[in-house]
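# Structural description and commentary
Below are the chains, spelled out letter by letter.
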Amino acid sequence: VFFFLIHGGRRSQQDCSVSTVSLLHVSLPQLQMKLWNKYKVTSIPSLVFVDAATGKVVCRNGLLVVRDDPAGLEFPWGPKPFAEVVSGPLLRNNRQTTDSSSLEGSYIGVYFSAHWCPPCRSLTRVLVESYRKVKESGHKFEIVFVSADRSEDLFQQYFSEMPWLAVPYADEARRSRLNRLYGIQGIPTLILLDTEGHMITRQGRVEVLNDPECRRFPWHPQPVQELSESNAVQLHEGPCVVLFVDAEDEGELLPAKELIQPIAEKILVKYKAKEEESPLQFFVAGEDDMSDSLRDYTNLPEAAPLLTILDMSARAKYVRDVEEITPAVVEQFVGDFLAEKLKPEPI
């Protein structure tokens with residue numbers, strides 16, 4: 001994995017030289033896993049551009065930058081507003097077009113998908129119903145399909161099933177810019193934006209599957225989630241606090257959620273203020289097949305309650321097996337993890 005560190009400040013095209021760009025080759029295992037988690041790297045090769053002056057991510061999908069802008073004409077490749085990147089005509093499935101300015105004032109879903117991908121087709125069927133329900137409830141909501149299909153014909157076939165808008169398949173440059181803007185590393189991905197074009201969540205797929213009646217629309221992130229088959233994929237996106245409890249029904253998980261919610265909210269607020277993604281996700285898990293499988297896979301004891309931090313990408317776990325789990329215990333455990341005071345056990 002390679003990361004570019006771009007020194008702060010805007011520079012002219014002539015200044016785009018080796019002297020203004022530092023290349024960090026990550027090889028030490030511990031440092032490598034920290035960077036993988038920090039930048040949400042899920043596949044290789046991966047190239048992330050970072051402003052060294054602030055530490056903020058400039059572009060998550062540097063490979064597309066290298067492909068699309070080999071001469072560095074757009075350097076330093078900083079993020080642009082969604083409205084600017086999507087600007088241009090958008091298609092309806094009846095072949096009519098509308099300008100992207102029609103999206104102003106709406107909640108927007110940016111849907112990266114393709115017909116050749118079975119999970120995409122499954123999500124599309126659910127998303128069509130969610131789209132209809134949200135529109136019928138009176139919300140201003142639109143979805144923009146960004147295709148990863150392999151031909152115009154396949155795009156048209158897939159798009160014919162969708163009641164929303166799409167970037168024209170022939171406009172490969174715009175599709176690529178949208179992929180770059182959101183650092184898309186896999187499909188299906190549904191990015192949800194607020195009425196100002198700011199990101200609400202990258203986990204639109206999980207939100208739609210977990211809320212088929214769309215009661216939580218526009219799906220602002222929940223500080224604590226109940227572990228389920230639909231959101232378990234998030235366990236592979238970075239370290240996760242998972243509190244296992246002795247509960248079988250959804251209602252019985254509420255006390256566990258309330259126990260860890262204050263620290264989860266504190267972490268979210270802290271990193272949102274720094275315009276960074278939270279370094280931890282928070283889950284509660286009851287007694288079901290999903291939890292049993294996770295315990296077996298990570299070789300966790302059967303104790304309940306059991307407080308853990310699972311880092312799947314690093315194949316590491318941290319376990320706090322105490323008789324009583326209190327908010328103070330959770331806060332201390334999370335604080336020690338973030339301060340790198342805990343010793344990991346292998347998964």
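As a reminder, the structure under discussion sits directly above these lines.
For clarity, every value in this text was computed on a predicted model and none was experimentally measured.

## Structural notes on the overall build of the protein
Helix and strand counts for the protein come out as 10 helices and 17 strands. Principal-axis analysis of the C-alpha atoms places the extent of the protein at approximately 60 × 55 × 35 Å. With 347 residues in all, the protein has 46% of them scored as buried. Across the protein, the fraction of contacts at a sequence separation of at least 24, relative to all contacts at a separation of at least 6, is 61%. Carbon and sulfur atoms form 51% of the exposed surface of the protein, whose accessible area is close to 17600 Å². The distance from the centre of the 37 positive side-chain charges to the centre of the 49 negative ones in the protein is 7 Å.

## What to know about the sheet that holds strand β13 (residues 240–244)
Taken in spatial order, the 6 strands of this open sheet run β12-β14-β13-β15-β16-β17, and their pairing is mixed. Strand pairing shows two members of the sheet lacking a second neighbour, β12 (225–226) and β17 (345–346), which therefore form its edges. In this structure, strand β15 (residues 306–311) lies alongside strand β16 (residues 316–320), joined through 5 bridges in antiparallel fashion. Bridge pairing in β16 places Ile-309 opposite Tyr-318.

## Remarks on helix α4 (residues 118–136)
Given a rise of 1.5 Å per residue, 19 residues ought to cover 27 Å, and the 28 Å separating the end C-alpha atoms of α4 matches this to within 8%. Buried residues of α4: Cys-120, Leu-123, Thr-124, Leu-127, Ser-130, Tyr-131 and Val-134, and no others. Within two residues after α4, Gly-138 carries a phi angle of roughly 100°, on the positive side.

Conventions used here
Residues numbered from 1 in each chain as written. Predicted model: local features only at pLDDT ≥ 70, side-chain atom pairs only at ≥ 80, totals over all residues. Heavy atoms only, no water. Helix = DSSP H or I, 4+ residues; strand = E, 2+ residues; numbered from the N terminus. Buried < 20%, exposed > 50% of the residue type's maximum accessible area, 1.4 Å probe, protein only. Contact = heavy atoms within 4.5 Å. Areas by Shrake-Rupley, 256 points an atom, 1.4 Å probe, with all protein chains shown as cover. Lys, Arg positive; Asp, Glu negative; His and termini not counted. Charge placed at Lys NZ, Arg CZ, Asp CG, Glu CD. Pairing = 2+ DSSP bridges. Expected span 1.5 Å × (residues − 1).

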